[in-house]
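Summary of the model geometry
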Amino acid sequence: MSTETPAATPAAQPKRKRGEGQWKLGHREPLTPNERTKRDDDGLNVRARIENIYAKRGFDSIDPGDLRGRFRWWGLYTQRRPGIDGGRTATLEPEELDDRYFMLRVRSDGGALTTEQLRVLGEISQQYARNTADITDRQNIQYHWIEVESMPTIWQRLEGVGLLTTEACGDTPRVILGSPVAGISASHPVDPEPAIRTILDRYIGSKEFSNLPRKFKTAISWEQDVAHEINDISFVGVEHPEHGPGFDLWVGGGLSTNPKIATRLGAWVPLDEIPDVWAGVCGLFRDYGYRRLRHRARIKFLIADWGAEKFRQVLQDEYLGRELIDGPAPVTPDRPIDHVGVHKQRDGLNYVGLAPASGRVSGDILVALAKAAESAGSRRVRLTAQQKVVVLDVPDAAVDALVAEADGLGLQANPSPWRRATMACTGIEFCKLAIVETKERAIRLVADLEERLADIQGDIDTPVSIHLNGCPNSCARTQVADIGLKGMIVQDAEKKSVEGFQVHLGGGLGLDAGFGRKLRGLKVTSAELGEYVERVVRHYIAQREPGERFAQ
Ligand code: SF4
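The numbering scheme is per chain: residues are counted from 1 as the chain's sequence reads. Totals for whole chains, interfaces and linings use every residue, but because this is a predicted model, local features are given only for residues with pLDDT of at least 70 and side-chain atom pairs only at 80 or more, for both listing and counting. Side-chain measures here rest on the full set of heavy atoms in the structure, leaving out hydrogens and waters.

**Comments concerning the site of the ligand**
For clarity, the threshold we go by: Nearness is judged by heavy atoms alone; a residue qualifies as near a molecule or strand once a single heavy atom is within 4 Å of it. The nonpolar class holds Ala, Val, Leu, Ile, Met, Phe, Trp, Tyr, Cys and Pro. Asp, Glu, Lys and Arg form the charged class, and all remaining residues, Gly among them, are polar.
What surrounds the ligand is the set Cys425, Thr426, Gly427, Cys431, Leu433, Ala434, Gly470, Cys471, Asn473, Ser474 and Cys475. Taken together, the residues of the shell around the ligand break down into 6 nonpolar, 5 polar and no charged.

Rendered as structure tokens:
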């Protein structure tokens, strides 16, 4: 009989807990191809290669790791190769979907532009982007058809007027959303523009935060007009009973396939402390954020696991070195504010909010709008988080002429409720992840609804929001629309596979903040969309109690 002690079987050994790829806990090993790309070379470094090599030698000289990875750190994605239908999106390799042209996103933090910047944006579109330009729901201007050879000149033109594409995409702090009427609205006691400017100057383009686990979206606004509930970090205006006006700190919002409404940390932050607190949260995300699985890397997953209390404690102890001040929740408006129409500023001038059709404009329109704004005495415009544009500082005497001129450009100050509240993402025209067409579909839908529902237009006191998305990624906020539409291939009445949408009903922000119900089997073909929305809206108008909102 053997006297040896039997060796422990593998099953008997204590199981080593698998990490989530958190740097702070020692999980430095690159765990996904994206993490490897970032470890091999910082995304910001690609700018020099674009200028010195790729722009001179052309598209075929681009290293694949740069093309599908690091280019994003400078706002560049390859656009979708034309002619590939949405049913094939998931079946092809990324290189099979790549066109030789790029989408380029330009930051306009706080949505703030001068008319000179607007004109340059328009001219770049005319000269290098086949006259394309979309206003995104993150207050960016987005071009298409950009060639790599044009990038040095485009940067020179943009940077010559103070505009950046730095970290417009990638695993970085993206454009900072801000109220289009910051500093001019009579109802804003504080203008957060200096905080936005400080964050930009200190941290954007700095390697301190150029390798985050995933994208990091910020919103800073006194007013609730920038979808703060679905950003990674938000500072929302609030009056503190002892300390006065400041900002309530929210973290961990986001949509896509795991939507989450942001969590309040219960902390009140004065204006001059916003940049430090922002950097603390960003650093915490960099160090503790999950890097093992790409689809679990947004900060919302960390918040969901830790909870607000632990997150705030770690932020205070390890990143700020002090306690944050407890603060009250902000007052919630009925609906997010879109600033469309003519409104008074606190200085007696006016701001004029204009609605293009689902954010689509062009270089010609941007140049013409810059001229019209200047003729009206303005030098400032703002992009909104609802794909709209606002002209500031318009004297009473110039309002009517500006409104008429803008109308001639397809920018309406008094739009139908359908144009006002319909948004669309990029969709299959240019986006490699798209399953269906969205932009042109949205433009046709608005025209269709204006005709179909002309008889009840006056009954719609609160616009019914309709958001069209080309895939589950929800760039145009599927889950927080009254009628949210997620692109997919569906079967029509003859059992043919056609473009269509999964419908989410009754989502919203503001008082109705929450996600729409995804009704099982509620799918509609793209061709039937107008008829479907008409049915839903007529039913809502017929059934509702006085003052009842769609989401209630
Ligand atoms: Fe592209 Fe999908 Fe985002 Fe639309 S929602 S822009 S299709 S990734």
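That covers the picture; the talk isn't over yet.
**Here's the deal with the pairing of strand E2 (residues 98-106)**
Our working definition: Each residue is assigned to one of three classes by its accessible area relative to the maximum for its type, calculated with a 1.4 Å probe on protein chains only: buried under 20%, partly exposed between the two thresholds, exposed over 50%. Helix and strand definitions here come from DSSP, where helices need a minimum of 4 consecutive H or I residues and strands a minimum of 2 consecutive E residues; each element is numbered from the N-terminal end. Being paired, for any two strands, means DSSP has found at least two bridges between them.
Of all 9 residues in E2, 7 are buried; the element is thus mostly enclosed. Relative to E2, strand E1 (residues 76-80) runs antiparallel, the two being bridged by 4 bridges. The residue bridging tyrosine 77 from the neighbouring strand is methionine 103, located in E2. As defined by bridge partners, E2 adjoins strand E5 (residues 141-146) across 4 bridges and the pair is classed as antiparallel.

**A few points about the packing of aromatic side chains**
To keep things clear, this is the line we draw: Pairing of aromatic rings covers Phe, Tyr and Trp, the last counted by its six-membered ring, and requires centre-to-centre distances within 6.5 Å; plane angles under 30 degrees mean stacked, over 60 mean edge-to-face, and any other angle means tilted. Lysine NZ or arginine CZ positioned within 6 Å of the ring centre and within 35 degrees of the ring normal marks a charge as sitting over the ring.
Applying the stated criterion across every chain yields a total of 14 aromatic pairs. Between tyrosine 54 and phenylalanine 71 the ring centres are 5.9 Å apart and the planes differ by 35°, which places this aromatic pair in the tilted class. Residue tyrosine 54 is located in helix H2 (residues 46-57), and its partner phenylalanine 71 is located in the loop between helix H3 (64-67) and E1; the two are separated by 17 residues in the primary sequence. Since its relative accessible area comes to 0%, phenylalanine 71 is described here as buried. Ring plane angle 25° and centroid distance 5.7 Å describe the contact between phenylalanine 216 and phenylalanine 285, whose orientation is recorded as stacked. Of this pair, phenylalanine 216 sits in strand E7 (residues 216-221) while phenylalanine 285 is found in helix H8 (residues 274-288), placing the two residues 69 residues apart along the sequence. By the ring-pair criterion, three or more aromatic residues cluster together here, those being Tyr203, Phe209, Phe216, Trp278 and Phe285. When the ring centre of tryptophan 23 is taken as origin, the NZ or CZ atom of arginine 28, which lies over that ring, is 4.0 Å away. Above the plane of the ring of tryptophan 23 lies arginine 291, whose end atom (NZ or CZ) is 3.7 Å from the centre.

**Quick look at the environment of valine 161**
Its place among the elements puts valine 161 in the loop between helix H6 (151-160) and strand E6 (173-178). Residue classification places valine 161 among the buried residues on the basis of a relative accessible area of 16%. Each C-alpha atom, one on valine 161 and one on valine 120, is 7.8 Å from the other, the two residues being 41 residues apart in sequence.

**Quick notes on the sheet that holds E7**
Put simply, the test is: When checking whether two residues touch, look at their non-hydrogen atoms; a contact exists if any pair is within 4.5 Å. Angles run from 0 to 180 degrees between N-to-C directions of axes, and those axes are lines fitted to C-alpha atoms, restricted for helices to the stretch in contact.
Judged by pairing direction, the sheet is mixed, and its 6 strands sit side by side in the order E6-E7-E8-E9-E10-E11 without closing on themselves. Two strands bound the open sheet, and with one partner strand each, they are E6 and strand E11 (325-326). In terms of strand pairing, strand E8 (residues 233-240) meets strand E9 (residues 244-251) through 8 bridges, oriented antiparallel. Of the residues in E9, the one forming a bridge with valine 238 is glycine 246. Contacting E6, E7, E8, E9 and strand E10 (263-269), H8 crosses the sheet at an angle of about 160° to E7. Packed onto the sheet, helix H9 (residues 299-320) meets E7, E9, E10 and E11 and runs at close to 35° relative to E10.

In short, the description is geometric, and any link to function would need to be established separately.
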